[in-house]
Amino acid sequence: MTFTHDTFISPFTWRYGSEAMRQIWSEQNKRRLMRQVWVALAIAQHQAGLVTAEQLADLQAHAEQVDIERALEIEKETRHDVMAEIRTYAEQCEVGGGIIHWGATSADITDNVDVLRLREAAVLLQNQLKQLLTHLADRIEETAALPTMAHTHIQPAEPTTLGYRFAVYAQDLLEDYQNLQSLISNLRGKGLKGAVGTQAGYDELLAESKIDALEMEAVAMNVLELPYFPIATQTYTRQQDLRVQNVLAGIAASLHKFALDFRVLQSPPFGEWAEPFGKKQVGSSAMPFKRNPINTENICSLARYVAGLPAVAWDNASQAILERSLDDSANRRLFQAEGFLATDELLRRATRIVAEMVIDEQAIARNMATYGPFAATERVLMALVAAGASRQEGHEWIREASLQAWAALREGQANPLIELLVADERIGQYLEAADVVTLMRAEGYVGTAVSRAHTFAQTVRDALQ
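Attention in this report is confined to the structure presented alongside it. Quick caveat: nothing in here was measured; it's all calculated off a predicted structure.

## Here we look at the overall build of the chain
Counting its regular elements, the chain contains 18 helices and 4 strands. If you line up the chain on its principal axes, its C-alpha atoms span 100 × 50 × 40 Å. When each of the 465 residues of the chain is scored for burial, the buried share is 49%. In the chain, the share of contacts with a sequence separation of at least 24, taken over all contacts with a separation of at least 6, comes to 76%. Only carbon and sulfur atoms are counted for the fraction: they give 52% of the accessible area of the chain, which is about 22700 Å². Of the side chains in the chain, 43 bear a positive and 60 a negative charge, and the two mean positions are spaced by 4 Å.

Now the structure itself:
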């Protein structure tokens, strides 16, 4: 079947996500992995003496010859996708076709295939997240000592450094990276447990054989190199799907914060950051002058989508009635692939942005000059008290001057706060004018931010080794 733009296709088919991630979740790859599971089962049954070497070799010889068109023809008749794939595979295997799926239930195949794909997709994300963190570590080190205004409540607060701000994003994403590592290490397949998880069919099948059902399962899953749950019903626990989607949602949350902050800092009133912008890139169809933050807006948009997927996985986990119901099947075909494809796109865009973003140091310095003096007044207040002034009286002197300074800023004037404090005779009784000027240098009021930014950049690099 060929898809064109003449019919509906998902944006994930062509617009969002990498080719590598699309391949993992492709129908071709799914059916190829299904055959790998059937071969692994046949290997185990061969060791049990149930399957001949010739039958096994026949299955192995045709394992890569996926024929989706033929399988879909059969599915029109059977109304069962797994059975259609079994028959397609069996048609190709004259010697071994009759033993495909011997003793198995559909979820013995599909659930293990799902986890093989989940693991491969998670490893791909892990590699992308590693690239992003490496670029962030570079940015942290480059800008660790560059002072910039910090904001709380979207209002100027005190100075920080740009490297320290990057370290905030990197810290969240490093946690995401470690959560992803843990997820990969703990992903488990269903194993081979039959219709309700008791292995009853396998147990009877192997009653007179060389190995029992537990040993057969171990052999097959070892061939697949896939750990598996000791307990399962017809499916593996859907709590695992919820854990997967929560990890993806965590990555999305971290990237949404970064992208939202970026959009704020790219807006002209700040003007400190800018996305990479191509020579022929168009910002707006109506307004030629626009340089809209299209990539960070895209990140925020897709991140919101990923954030909603754990709710679906939660419903599946909490409403898996008794040993199995099929009301999770259709939505799992959607959210498992789309969750990874969306997160894949988020990481790809964020990596390019961090690597190629433009930092306007003049704008940063301008904003520091405008708002930094307000933050530096805390230093003046502490110095006043240390020199013998009343903390409450000093607070009022600085408040009065600050209100005058804000009024001047609203009229488009430069911030006069330093001059107002130097000219205040009350303050002059305790502090020399030169001391006030020195204390009001806000760029030096960044505490331990520089050293901790450098330290955390190294923490990131160590964690990625």
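## Side note on a negative patch on the surface
A cluster of like negative charges, contributed by D203, E204, D212 and E215, occupies part of the molecular surface. Here D203 lies in helix α8 (residues 200–205). On the basis of relative accessible area, D203 is assigned to the partly exposed category, the value being 47%.

## Some thoughts on the layout of surface pockets
Within this model, the largest pocket holds a volume of roughly 1400 Å³. What lines the largest pocket is a set of 40 residues, and nearest its centre among them are W25, E27, K30, R117 and R333. The set of elements that each furnish at least two residues to the lining of the largest pocket consists of α2 (27–47), α4 (68–78), α5 (81–92), α6 (106–143) and α12 (329–356). Per-class residue counts for the lining of the largest pocket are 16 nonpolar, 10 polar and 14 charged. Roughly 400 Å³ of volume is contained in the second largest pocket. Contributing to the lining of the second largest pocket are 15 residues, with H151, R165, Y169, K257 and D261 lying nearest its centre. Of all elements in the fold, only β1 (147–152), α7 (162–186) and α10 (239–266) reach the threshold of two or more residues within the lining of the second largest pocket. The biggest single contributor to the lining of the second largest pocket is α10, with 5 residues.

Criteria and thresholds
Residues numbered from 1 in each chain as written. Predicted model: local features only at pLDDT ≥ 70, side-chain atom pairs only at ≥ 80, totals over all residues. Heavy atoms only, no water. Helix = DSSP H or I, 4+ residues; strand = E, 2+ residues; numbered from the N terminus. Buried < 20%, exposed > 50% of the residue type's maximum accessible area, 1.4 Å probe, protein only. Contact = heavy atoms within 4.5 Å. Areas by Shrake-Rupley, 256 points an atom, 1.4 Å probe, with all protein chains shown as cover. Lys, Arg positive; Asp, Glu negative; His and termini not counted. Charge placed at Lys NZ, Arg CZ, Asp CG, Glu CD. Patch = residues over 30% accessible without salt bridge, like charges linked within 9 Å, V, L, I, M, F, W, Y side chains within 5 Å. Salt bridge = Lys/Arg side-chain N within 4 Å of Asp/Glu carboxyl O. 1 Å grid on protein atoms, 1.4 Å probe; cavity = no way out; pocket = protein on both sides within 12 Å on 5 of 7 lines; lining within 4 Å. Points joined across faces, edges and corners; volume = space filled by probe spheres on them. Nonpolar A, V, L, I, M, F, W, Y, C, P; charged D, E, K, R; others polar.

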